[in-house]
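Observations on the model geometry
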Protein chains: 2
Amino acid sequence: TATMKSELHPSVKTCTSSESVLATVRGAKSPEASVYLSNRGNSIRQQQGILQAGFAHYGANRYDIDNPNVSQLTVSLCFPMQLTRSDMLHVDPALLQYGDWRGHTFLREAVAEFLTHYCHSPKLLKADNVVVMNGCSALFSCIAAVICDPKDAILIPSPFYGAITEDVQLYSDVKLFHAPLESEDGNEDGRLFHLTVSKLEEAMQRAKQEGVNIRAIILVNPHNPLAEIYTPNEMLSFLQFAKRCIHAIIDEVYMLTVFDESVTFHSVLSLESLPDPQRTHIMWGLSKDFAMAGNRIGTLYTENQDLVEALTKLGSFHGVTGTSQHQVAQLLQDREWISKEFLPENRRRLKAAHRYLTDELQTMDIHYLDSSATLYVWADFRKFLRSPSFEEELYMWRCFLKHNVVLSCGQAFSCCTPGWFRIVFADQQDHLQLGLSLSIQE
Amino acid sequence: TATMKSELHPSVKTCTSSESVLATVRGAKSPEASVYLSNRGNSIRQQQGILQAGFAHYGANRYDIDNPNVSQLTVSLCFPMQLTRSDMLHVDPALLQYGDWRGHTFLREAVAEFLTHYCHSPKLLKADNVVVMNGCSALFSCIAAVICDPKDAILIPSPFYGAITEDVQLYSDVKLFHAPLESEDGNEDGRLFHLTVSKLEEAMQRAKQEGVNIRAIILVNPHNPLAEIYTPNEMLSFLQFAKRCIHAIIDEVYMLTVFDESVTFHSVLSLESLPDPQRTHIMWGLSKDFAMAGNRIGTLYTENQDLVEALTKLGSFHGVTGTSQHQVAQLLQDREWISKEFLPENRRRLKAAHRYLTDELQTMDIHYLDSSATLYVWADFRKFLRSPSFEEELYMWRCFLKHNVVLSCGQAFSCCTPGWFRIVFADQQDHLQLGLSLSIQE
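Only a predicted model underlies this, so the values are computations on that prediction, with no experimental measurement involved. Residue numbers restart at each chain and count upward from 1, following the sequence in its written direction. Each chain is given a letter, starting from A, and each ligand a number, starting from 1, according to the order in which they appear as written. For this predicted model, a pLDDT threshold of at least 70 governs which residues receive local features, and a threshold of 80 or more governs which side-chain atom pairs are given and counted, while totals over whole chains, interfaces and linings are taken from all residues. Each side-chain value is derived from all of the structure's non-hydrogen atoms; neither hydrogens nor water enter the calculation.

1. Structural notes on the overall build of chain A
When helices and strands are tallied, chain A shows 14 helices and 11 strands. Burial statistics for chain A: of 442 residues in total, 63% are counted as buried. Contacts are assigned to residue pairs with any non-hydrogen atoms lying within 4.5 Å of each other. Counted over contacts in chain A with a minimum sequence separation of 6, partners at least 24 positions apart contribute 75%. Using a 1.4 Å probe, accessible areas were evaluated by the Shrake-Rupley method; residue-level cover was limited to the displayed protein chains. With the model as given, the accessible surface of chain A reaches about 16,300 Å², and the carbon-plus-sulfur share is 50%. Numbering of helices and strands starts at the N terminus; helices are DSSP runs of H or I of at least 4 residues and strands are runs of E of at least 2. When a residue's accessible area, from a 1.4 Å probe over protein chains only, is under 20% of the maximum for its type it is buried; when over 50% it is exposed; and in between it is partly exposed.

2. With respect to the interface of chain A and chain B
At the interface, 82 residues of chain A touch 82 residues of chain B. As used here, buried area is the combined drop in accessible area, with a 1.4 Å probe, of two parts when they are placed together. When chain A packs against chain B, close to 6,900 Å² is buried across both sides, 54% of that on carbon and sulfur atoms. By salt bridge we mean one thing: a side-chain nitrogen of Lys or Arg within 4 Å of a carboxyl oxygen of Asp or Glu. Linking chain A with chain B are 4 salt bridges. We note a salt bridge from Glu309(B) to Arg45(A), for which the minimum N-O separation is 2.8 Å. Breaking the side of chain A that touches chain B down by element, the ones donating at least two residues are α2 (39-45), α5 (136-147), α6 (163-169), α10 (305-313) and α11 (322-333) of chain A. Counting residues per element, the side of chain A that touches chain B draws most heavily on α5(A), which supplies 8 residues. Classification used: nonpolar for Ala, Val, Leu, Ile, Met, Phe, Trp, Tyr, Cys and Pro, charged for Asp, Glu, Lys and Arg, polar for all others including Gly. The class makeup of the residues in the side of chain A that touches chain B is 38 nonpolar, 30 polar and 14 charged.

3. Here's the deal with the pattern of salt bridges
For the structure shown, the criterion picks out 36 salt bridges over all chains. Among the ionic pairs, Lys175(B) bridges to Asp173(B), the shortest N-O distance being 3.7 Å. Residue Asp173(B) is classed as partly exposed on the basis of its relative accessible area, which comes to 22%. Beyond isolated ion pairs, a larger network of salt bridges with shared partners links Asp100(A), Arg102(A), Arg108(A) and Asp128(A).

4. Let's talk about the packing of aromatic side chains
Each pair of aromatic rings is reported with the distance of its centres and the angle of its planes. Here a pair means two rings of Phe, Tyr or Trp (six-membered ring of Trp) with centres within 6.5 Å. Their orientation is stacked below 30 degrees between planes, edge-to-face above 60, and tilted elsewhere. Using the criterion set out here, one finds 38 aromatic pairs over all chains in the structure. Arranged with centres 5.6 Å apart and planes meeting at 40 degrees, the rings of Phe317(A) and Tyr171(B) form a pair that is tilted. Placement of Phe317(A) in the loop between α10 and α11 and of Tyr171(B) in the loop between α6 (163-169) and β3 (175-180) is noted, with the two residues assigned to different chains. With respect to burial, Phe317(A) and Tyr171(B) carry one shared label: buried. Across from the ring centre of Tyr395(A), 4.5 Å away, lies the NZ or CZ of Arg386(A), which sits over that ring. Across from the ring centre of Tyr376(B), 4.9 Å away, lies the NZ or CZ of Arg422(B), which sits over that ring. A positively charged side chain is recorded as over a ring if its NZ (Lys) or CZ (Arg) lies within 6 Å of the ring centre. The angle to the ring normal must also be within 35 degrees.

5. Notes on the environment of Leu170(A)
Position of Leu170(A) among the secondary structure elements: in the loop between α6 and β3 (175-180). When the C-alpha atoms of Leu170(A) and Arg45(A) are compared, they prove to be 10.0 Å apart, with 125 residues separating the residues in sequence. Among residues more than four places away in sequence, those in contact with Leu170(A) are Ile44(A), Gln47(A), Lys313(B), Leu314(B) and Phe317(B).

6. A look at the pairing of strand β7 (residues 298-302) of chain B
All names here are of chain B. Across the 5 residues of β7, 5 count as buried, placing the element largely inside the fold. Across the two faces of β7 the burial is the same, with Gly298, Leu300 and Thr302 and Thr299 and Tyr301 all buried. Examined bridge by bridge, strand β1 (residues 130-133) and β7 share 4 bridges and lie antiparallel to one another. Of the residues in β7, the one forming a bridge with Val132 is Thr299. DSSP calls a pair of strands paired once it identifies at least 2 bridges connecting them. Bridging between strand β6 (residues 280-285) and β7 involves 5 bridges; their strand directions are antiparallel. From the neighbouring strand, Trp284 faces β7, where its bridge partner is Thr299.

7. Some details on the sheet that holds strand β8 (residues 367-368) of chain A
All names here are of chain A. With antiparallel pairing, 4 strands are arranged side by side in an open sheet as β8-β9-β11-β10. A strand with exactly one partner marks an edge of an open sheet, and here the two such strands are β8 and β10 (408-409). Taken together, the 2 bridges between β8 and strand β9 (residues 376-380) define a ladder with antiparallel strand orientation. Bridge pairing in β9 places Tyr368 opposite Ala379. Angles run from 0 to 180 degrees between N-to-C directions of axes, and those axes are lines fitted to C-alpha atoms, restricted for helices to the stretch in contact. Of the strands in this sheet, β8, β9 and β11 (420-424) are in contact with helix α12 (residues 335-363), which crosses β9 at around 10 degrees. Sheet contacts for helix α13 (residues 390-402): β10 and β11; angle to β11, the most-contacted strand, approximately 25 degrees.

8. What about the relation of the copies chain A and chain B?
Superposition of the copies was done by least squares, using only C-alpha atoms of residues whose pLDDT is at least 70 in both. With an RMSD of 0.0 Å, the fit of chain A onto chain B corresponds to turning through 180 degrees and sliding 0.0 Å along the axis. In short, the pair behaves as if placed about a two-fold rotation axis. Interface residue correspondence from chain A to chain B reaches 100%, placing this contact among same-surface, isologous pairings.

Take a look at the structure:
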């Protein structure tokens with residue numbers, strides 16, 4: 001397989017802060033403080049990340065066929081045609097009025113049934129445990145606001161999807177505390193960036209020493225950016241670790257992207273029992289699994305009614321238009337179409353795109369983490385760095401960007417070791433071809 | 001006219017805090033602190049207001065025809081049939097992907113054109129000055145976050161739409177500082193609860209003495225709950241007052257509800273020039289003017305690009321689904337339908353409902369503020385109170401609610417004088433009839 005088993009490449013051992021690097025992501029200083037904004041407002045305005053910069057670049061060039069992209073930020077291999085069915089245009093007057101801030105009952109019922117089926121839950125999941133908001137960013141923000149006080153922290157293994165940093169910080173003033181996984185961390189199975197309970201223990205110990213108050217842990221499965229799928233036993237061990245006193249927020253937003261039929265993803269909702277059900281909260285959304293990031297829908301499943309009540313109070317900031325809720329409910333209820341048409345075709349295309357990309361990477365002798373899910377590959381470009389530093393990594397990222405090749409470099413995911421890149425393969429093959437050719441020319 | 005010119009009713013002079021009263025709105029104590037939530041989370045969960053309680057009651061009984069309501073919280077006299085047009089079901093693939101967090105360009109262009117026309121702007125308004133989010137609550141929350149630091153305050157004349165308190169507080173930790181208008185404040189025109197610059201000056205002076213840092217003023221025109229329309233000269237004087245150093249947030253969400261053809265509403269956007277354009281921000285939305293509170297759309301118009309940039313950073317928490325954005329743009333561009341069909345019919349029905357309600361109030365010798373806009377009437381029930389206290393007002397509100405008559409009492413709007421109620425008349429006439437009959441029986 002293409003999984004790396006040896007360490008041939010330069011690396012740095014220390015996890016240097018990349019804040020100063022981030023400050024110059026766009027090759028320019030962040031904007032001057034505005035006299036019209038508060039201190040908080042200025043710091044919000046000056047926020048800029050690599051993922052966001054890459055996305056802005058992608059968005060600006062999306063419709064220009066002369067600008068190929070090796071990568072884009074959301075899957076668009078499959079188009080959910082069901083959205084154009086005529087019954088999608090149902091406008092019940094009640095949909096135009098204020099609704100339940102947790103989401104309309106019909107939608108929460110549809111979500112509960114959908115998750116019961118696709119997560120293989122041993123019991124029927126309940127609509128009362130579902131909260132629907134306009135995206136997972138909104139859910140992260142809300143949850144951070146109500147389970148943390150300002151300056152509290154949430155534990156997260158790194159690398160991780162960098163946007164979560166802003167999700168919990170901008171409104172809620174909560175920090176992420178990293179449990180760093182390093183590229184040298186192969187265990188006996190040869191798994192790199194391997195997460196273990198002892199890594200979490202170490203991070204908790206360090207937080208305690210630094211006086212940081214950890215209120216929760218965020219676990220993303222399948223992982224972003226590693227694309228790793230954790231086993232039920234692994235997830236159970238992480239939940240047992242969390243049981244002591246902190247909440248576990250499980251993000252399963254890529255759960256339906258498993259494209260290798262020999263591999264099974266096990267949702268936390270499929271477990272016979274949870275170690276601490278009142279502190280275990282499962283997120284899902286349509287953006288990745290249904291290729292609809294523009295359809296602002298994120299769902300939370302939690303048995304904790306105190307949490308549901310608190311989130312409901314913030315619901316008016318994160319509401320979804322009634323007619324959209326109707327459309328999403330229709331979509332989720334169409335199991336025939338999802339299981340027999342959309343998912344098989346989406347998986348087939350993801351598998352083909354994944355194979356195309358990984359074949360090319362192998363040809364170029366670029367190592368990567370082998371995976372069976374998600375829309376991206378975590379690849380090792382360390383041998384191309386002139387020196388093992390985040391500055392060099394950023395320089396390489398800018399070179400790609402200059403040629404309209406949007407990769408995301410490791411520091412955007414708070415990766416400890418410079419030189420790793422996330423490559424999204426869910427794009428048209430001719431775009432991938434052109435992008436890879438350009439990469440080679442570099 | 002029915003405008004009150006004399007003061008016959010009991011009143012209290014002091015603006016007593018109604019917090020303890022609010023704490024028992026539902027006739028029960030607020031929930032115990034949850035061990036699963038942070039201090040902030042518990043205080044968010046324990047938030048409960050009269051408007052919200054009334055709405056919850058209304059929502060729970062909405063479809064029960066045996067439960068008449070004299071009032072509801074959003075207009076439903078006119079149903080915007082245009083939403084069911086077949087071209088509303090357009091699903092461009094780009095709508096399903098991440099978009100501009102200010103709102104898609106096509107929607108911001110449609111909003112700019114719409115506001116240029118219906119606000120009678122002397123110049124063409126620009127799409128770059130428009131921010132679209134999922135409702136005005138989201139906009140209030142965002143704006144408070146970026147122009148205020150935690151514990152700062154925003155000035156607002158009271159009574160005012162009470163939900164704004166939570167809008168600026170829950171996430172952004174900003175307080176509203178009240179400039180109280182009293183029912184005795186008739187000026188030479190006999191206008192009660194009359195707002196003047198000197199009232200704002202007084203409040204600013206008091207804030208200074210109390211060490212409160214005021215960063216902005218919120219002005220709602222047409223007013224909620226007074227239904228008053230401020231003249232261009234009045235608005236100019238308020239903006240001149242604000243010019244010194246604070247932002248002016250102008251909420252014109254009821255601008256198209258003027259149902260008396262002899263009366264003209266003048267938007268701040270119709271002014272030849274603004275005293276402080278960089279600190280003047282105008283909000284509008286579809287919820288009231290188009291009877292679509294469930295269609296989560298709020299718009300901001302501001303020339304301040306620093307503010308736009310800062311709000312954009314918070315956009316991922318308040319995004320609107322792409323297909324909804326398309327539908328709203330289609331609706332706003334259909335000027336023929338809006339001007340020739342929807343608005344005339346909506347105004348005709350509002351006028352009839354307003355006349356029906358005010359005739360009944362006159363028959364019952366209940367005074368009210370005369371008005372030509374909005375969906376509600378501000379009425380004086382002081383003579384029915386056994387004593388002039390907020391406890392009595394709340395008791396009366398509960399009696400109405402017991403009979404499924406949802407009025408909103410003055411303390412929900414931080415009114416200084418107990419005994420005033422807001423009555424929404426935008427409901428079916430048979431509901432109004434039944435509700436009023438029940439009121440009389442009390």
